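Now for the letters of each chain:
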Amino acid sequence: MSFDQIALEDKQKAFADLRDVKELFSSRGWFPGTSGNLSVRVGDYSPEQFQFAITASGKDKTVHTPEDYLFVDQEGKPCEATRLKPSAETLIHCEIYRLTGAGAIFHIHSVFNSIVSEYFWDRKAVPVDGVELIKGLNIWEEEAHIDIPIVSNFASIPAIIPEVSERLDSRIPGILLRKHGIYAWGANAFEAKRHIEAFEFLFEYVYRWELLNKR
């Protein structure tokens, strides 16, 4: 399906979903500076061809403007004539969509996710044991153990992609960039939001648990 064949109302819904999530996450302080990026996929999907709405680069996410979002294709190139630039990390969204077929991907920065990504860097994953909010990731085993993958963070975004491809775990709908932030995804905006909220609870839990056990 070409971009022109996607229904206007589907495009409008993608922008509305991004606006709602942006406002909520901004109220929680998850976009310090102009950091973070959000995307919602539109239209049909195949790993070779898809389109998605994404936050524009360098925008203040505490306010709403007519220039907050644009549509890009599977290579991160704008689908329409625009003066806007997609987020610098659009290529990471492209790769996650290609590998997962997700409907939405949200990326935020928090103190807790940045700290635990560095604290557990040597093992390349954040371990979480038996915490209730693991169920928020659609993992329902009793006393489940998960390892949330951590990948290297480079100034050159294309250099990050191979490690994302290698480390992505189909069981875990998220991946951490070292000292940078979490990418979480889901079948739609609601599920991706739920996943990122669950991850943030788990990161804070792990941080505080480690702190208590070092006394």
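Parameters at a glance
- Residues numbered from 1 in each chain as written.
- Predicted model: local features only at pLDDT ≥ 70, side-chain atom pairs only at ≥ 80, totals over all residues.
- Heavy atoms only, no water.
- Phe/Tyr/Trp six-rings, centres within 6.5 Å; stacked < 30°, edge-to-face > 60°.
- Buried < 20%, exposed > 50% of the residue type's maximum accessible area, 1.4 Å probe, protein only.
- Lys NZ or Arg CZ within 6 Å of the ring centre and 35° of its normal.
- Core = buried A, V, L, I, M, F, W, Y, C linked by side-chain atoms within 4.5 Å.
- Helix = DSSP H or I, 4+ residues; strand = E, 2+ residues; numbered from the N terminus.
- Contact = heavy atoms within 4.5 Å.
- Pairing = 2+ DSSP bridges.
- Axes fitted to C-alpha atoms, helices over the stretch in contact; angles between N-to-C directions.
- Parallel < 35°, antiparallel > 145°, perpendicular 65-115°, else oblique.
- Left-handed = near helix turned anticlockwise from the far one by under 90°.
- 1 Å grid on protein atoms, 1.4 Å probe; cavity = no way out; pocket = protein on both sides within 12 Å on 5 of 7 lines; lining within 4 Å.
- Points joined across faces, edges and corners; volume = space filled by probe spheres on them.
- Nonpolar A, V, L, I, M, F, W, Y, C, P; charged D, E, K, R; others polar.
- Polar contact = N/O pair within 3.5 Å; in protein donor to acceptor, adjacent residues only side chain to side chain.

## A look at the packing of aromatic side chains
The relation between two aromatic rings is expressed through the spacing of the ring centres and the mutual angle of the planes.
Okay, so step 1: Taken as a whole and judged by the stated rule, the model has 14 aromatic pairs.
Okay, so step 2: Aromatic side chains Phe 25 and Phe 31 sit 6.3 Å apart centroid to centroid with 45° between the ring planes, which places their arrangement in the tilted category. Per residue, the accessibility class of Phe 25 equals that of Phe 31, and both read buried.
Okay, so step 3: An aromatic cluster of three or more residues is present, and its members are Phe 3, Phe 15, Tyr 69 and Phe 71.
Okay, so step 4: Sitting above the plane of the Phe 31 ring, Lys 61 keeps its charged end 5.7 Å from the centroid.
Okay, so step 5: In this structure, Lys 124 packs its charged tip against the face of Trp 121, placed 4.3 Å from the ring centre.

## Considerations on the nonpolar core
Okay, so step 1: One finds Phe 25, Phe 106, Val 126, Val 128, Ile 146, Ile 148 and Phe 203 to be the most contacted residues of the largest nonpolar core, which totals 43 residues.
Okay, so step 2: Broken down by element, this core gets its largest block of residues, 8 residues, from helix H5 (residues 189–213).
Okay, so step 3: Aside from chain neighbours lying at most four places away, what touches Val 128 is Ile 134, Ala 144, His 145, Ile 146, Ile 148, Leu 202 and Val 206.
Okay, so step 4: Of all hydrophobic cores here, the second largest spans 23 residues; its members include Ile 92, Tyr 97, Val 151 and Leu 177.

## Overview of the sheet that holds strand E6 (residues 145–151)
Okay, so step 1: Across the sheet, 8 strands lie side by side as E3-E2-E1-E4-E8-E7-E6-E5; this open sheet has mixed pairing. Edge positions in the sheet fall to strand E3 (69–73) and strand E5 (125–129), since each has one partner strand and no second. The mean inter-strand angle of the sheet, taken between neighbouring strand axes irrespective of direction, is 20°.
Okay, so step 2: The pairing of E5 with E6 spans 5 bridges and is antiparallel. By the bridge assignment for E6, Asp 129 is matched with His 145.
Okay, so step 3: Taken strand by strand, helix H1 (residues 8–27) contacts strand E1 (37–46), strand E2 (49–55), E3 and strand E4 (104–108), and its axis lies near 155° from that of E1.

## A closer look at the packing of helix H3 (residues 111–119) against H5
Okay, so step 1: At a minimum axis distance of 9 Å, the contact between H3 and H5 shows a crossing angle of 60°. By the angle between their axes, H3 is oblique relative to H5. Here the hand of the crossing between H3 and H5 comes out left-handed. Counting all contacts with H3, which are made through Phe 112, Asn 113, Ile 115, Val 116 and Tyr 119, the residues of H5 involved are Glu 200, Phe 203, Glu 204, Tyr 207, Arg 208 and Glu 210.

## Notes on unusual backbone geometry
Okay, so step 1: One non-glycine residue, Asn 138, adopts positive backbone phi at about 70°.
Okay, so step 2: Its place among the elements puts Asn 138 in the loop between E5 and E6.

## Digging into the layout of surface pockets
Over the atoms, a rolled probe matching the size of one water molecule traces out where space is still vacant.
Okay, so step 1: Of the volumes computed, that of the largest pocket is approximately 190 Å³.
Okay, so step 2: Examining the composition of the lining of the largest pocket, we find that 3 residues originate from one element, E3, more than from any other.
Okay, so step 3: Its volume calculated, the second largest pocket comes out at about 160 Å³.
Okay, so step 4: As for the second largest pocket, its lining consists of Asp 10, Lys 13, Ala 14, Asp 17, Val 40, Arg 41, Val 42, Gly 43, Gly 103, Ala 187, Asn 188 and Ala 189.
Okay, so step 5: Among the elements of the structure, H1 and E1 are those that each provide at least two residues to the lining of the second largest pocket.
Okay, so step 6: Grouping the amino acids of the lining of the second largest pocket by side-chain chemistry returns 5 nonpolar, 3 polar and 4 charged.

## So, helix H4 (residues 157–167)
Okay, so step 1: Along H4, the residues classified as buried are Ile 157, Ile 160, Ile 161, Glu 163 and Val 164.
Okay, so step 2: Elements in contact with the buried residues of H4: helix H2 (90–100), E6 and strand E7 (174–177).

## Some details on the environment of Lys 22
Okay, so step 1: Relative to the helices and strands, Lys 22 is located in helix H1.
Okay, so step 2: The contacts of Lys 22, once residues within four sequence positions are left out, are Phe 31, Leu 38, Lys 61, Val 63, His 64, Asp 68 and Tyr 69.
Okay, so step 3: Polar side-chain contacts of Lys 22 include one of 2.6 Å to the backbone oxygen of Val 63.
Okay, so step 4: A distance of 3.1 Å separates a polar atom in the side chain of Lys 22 from a polar atom in the side chain of His 64.

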